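Architecture at a glance
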Amino acid sequence: MAPAGKVSGFYREGNDWFCNAGLLSDITVAVDGVNFHLHKFPLISKCGKIAKIIEESQSTNEGTFTMALEEFPGGPDTLLIAAKFCYDVRVEFTPKNVVMVYCAADYLEMTDKYGEGNLLSKSESFFHKNTLRNWKDCILALQSSATVIPRADKLQIISKCLNALSMMVCTDPSLFGWPMMMYGSLQSPGGSILWNGINTGARIRSSESNWWFEDISYLSVGLFERLIQTMEARGIRPENLAGAIMYYARKYLPGLGRWQGGQSGKSITVASFSMTPAAVDQRVLLESIVKLLPKKKGKSFCRFLLGLLRVALILGVNHTCQDSLERRIGMQLELATLDSLLIPTYSDSDSLYNTDCVERIIHHFTSSEPRVTSFSPSSFDLEKSPSSGPLRNVAKLIDGYIAEVASDVNLKPRKIRSLAESLPESSRSLHDGLYRALDIYFKAHPWLPEKDKEQLCNIIDYQKLSIDACAHASQNERLPLRIILQVLFFEQLQLRTALAGCLHALDTEIAPAAPMTVPNEMAGQIVQRDGWVAVVRENQVLKVDMEKMRSRVRELEEEFSKIKQEMKRVTKSHSSLSSPRLIARRIGCKLLPRSSDARADIVGTPRASVEQARISRNSSHRKSFSLF
């Protein structure tokens, strides 16, 4: 009940509030440096806390009583609403002030014990009947409760808002009863679809699953974390939760968007009201996000995790958070891309890229796939193993990564070796990528000693180099001589193996086909391999022909060099031995006799004529013998 005289309102002078009730104030209530000059009777009649304080002070009749309310919910603005309610002045509840008023009424003990329909019951009724039934009112109520969370938790205000929001996310947004931004003017006030201004009666069903991402992104980190946990307990799909978390992270971690390739997308909001973004601590936010992220795999999600890891290294988060990110990335490393894996060094290290971090990620990948390291090369079929696909992809990715970081002049050889050996030997069917990476490293480090080069080259299995890689390596001046000899040896070994396989295939085709029965399952496999066998056979034949040509060229070069050496040696000998016919006879060549020489021999010597006749007679005898 108000004191004598009609209360028309309150007015402020500096830091003092006065009530124009026509009576002198007999109590002063101070909140956060603001003084409220009020009257005892209306306060005592509705505020149990003030009544107890005045009763305990035993100074009700001695002048103006002064009291201070420490940690009052909502500050002076909320106390003004409570004071107006005590003077029967009309107060208005809104989604932005109802939580504060609710907590202030609880603080002042304004229960129905001190008057029916007191402020506590009024604010509680408005909260349950209005706020909890509306999406935007719940968001506003949660946002306004950031400074009174302990008392709001005690009154279960926060949990009720979180549960209400979770239920609404699981429901069709068109049933919430307010215009949706994504449909604009196509929706009637009743929620039906309009066609040329005519109400069709059809209800809008949202095909967007991310309509709520923007609205909840205005909550503080703590409330956002609790809301995601509540939604997860409600059974909302992990994909939707991950999308909301990623949206929230991109909004408050500005550096994250640069590594996402513009994936943040268009802002979609249901609530058509303006709110102020929450002030967040980026380090606390990132650590909270890592805890909230569900166990999910995907290319975009892996890229998001790598972006988070970059920001984490910049912000200097705790070791637990960084290890959790590296472990999550390692579990899906086969989905990563090379550009997202190139993480710069943000410390005082001389190297450009954080290779230690990548090496730890590879370790998490290999430890998450125990089957990968349990196979030996002899018993491991890389094509048929269920884990061979991810393993091959990671090996190709790491070879590309080594090639990219190899141009760093400060990168040590041991780091290249540890990166290359971090994966099992069975992960690479070909070592061409590894050879390319080492070639780039040798080109960027021309001062590297031969010993270090040989140690690095030992990580390559030269039997797994392709023909093109072998041809390049055999002519690569940057490789040590011993390595080039090994490459040539294995190249010859591959050609011999190819030739043997080709000959074996030809023998199999020439051999008579014996009658045999082939099981149905094997028949399908044989038919499927026929095409590949033909291609392999053709390649082998081409390789053999090329090798024959190479060997023939080498033989001709050797014969030519022998001829040159013999001619040089002969020219230095006695002049009598310098006859062209003698030289030709010594090197195994046969010259045709000239006609003049033949006539001179026949005419000049009788013995020569006799011998010539004998030779002609013997030749005719051989011809006659051959006829029989």
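Okay, so let's go over this structure. Because the structure is a prediction, the values reported are computed rather than measured.

Our focus in this paragraph is the nonpolar core. Among the nonpolar cores identified, the biggest contains 148 residues, and L108 and L286 are the most heavily contacted of them. With residues near it in sequence (within four places) discarded, L108 still touches C47, G48, K49, I50, L69, F72, L79 and A82.

What follows concerns a nonpolar patch on the surface. Side chains of L481, L485 and L488 sit close together on the surface and give an oily, nonpolar patch of about 300 Å² of accessible area. Residue classification places L488 among the partly exposed positions, given a relative accessible area of 35%.

Moving on: the state of the cysteines. Summed over all chains, the structure comprises zero disulfides. Distance from the sulfur of C86, which forms no disulfide, to the nearest cysteine sulfur (C47) is 3.7 Å. The class of C86 is buried, set by a relative accessible area of 1%. Take C138: it sits in no disulfide, and the sulfur closest to it among the cysteines is that of C161, at 4.7 Å. C138 gets classed as buried once you look at its relative accessible area, which sits at 0%.

Applying the stated criterion across every chain yields a total of 18 salt bridges. Where R151 meets D106, a salt bridge forms, and the shortest distance between an N and an O atom there is 2.7 Å. With R151 in helix 7 (residues 149-154) and D106 in helix 4 (residues 98-108), this residue pair connects regions lying 45 residues apart in the sequence. For R151, a relative accessible area of 25% corresponds to the partly exposed category. By relative accessible area, which is 17% here, D106 ends up buried. Measuring nitrogen to oxygen at the nearest pair gives 3.5 Å for the salt bridge that ties E454 to R482. In this pair, E454 is assigned in helix 21 (residues 450-457) and R482 in helix 23 (residues 481-510), connecting sequence segments 28 residues apart. In the salt-bridge network here, residues are joined through shared partners; they are D106, R151 and K154.

This next bit is on unusual backbone geometry. Within the chain, E71 stands out as a residue other than glycine whose phi angle is a positive 55 degrees. As for its placement among the helices and strands, E71 is situated in the loop between strand 5 (65-68) and helix 3 (75-86). A residue is classified by how much of its surface remains accessible, and E71, at 74% relative accessible area, is exposed. The backbone of E109 sits at a positive phi, close to 60 degrees, despite the residue not being glycine. Relative to the elements of secondary structure, E109 occurs in the loop between helix 4 and helix 5 (119-129). On the basis of relative accessible area, E109 is assigned to the partly exposed category, the value being 27%.

Rules behind the numbers
- Residues numbered from 1 in each chain as written.
- Predicted model: local features only at pLDDT ≥ 70, side-chain atom pairs only at ≥ 80, totals over all residues.
- Heavy atoms only, no water.
- Core = buried A, V, L, I, M, F, W, Y, C linked by side-chain atoms within 4.5 Å.
- Buried < 20%, exposed > 50% of the residue type's maximum accessible area, 1.4 Å probe, protein only.
- Contact = heavy atoms within 4.5 Å.
- Patch = residues over 30% accessible without salt bridge, like charges linked within 9 Å, V, L, I, M, F, W, Y side chains within 5 Å.
- Areas by Shrake-Rupley, 256 points an atom, 1.4 Å probe, with all protein chains shown as cover.
- Salt bridge = Lys/Arg side-chain N within 4 Å of Asp/Glu carboxyl O.
- Disulfide = S-S within 2.5 Å.
- Helix = DSSP H or I, 4+ residues; strand = E, 2+ residues; numbered from the N terminus.

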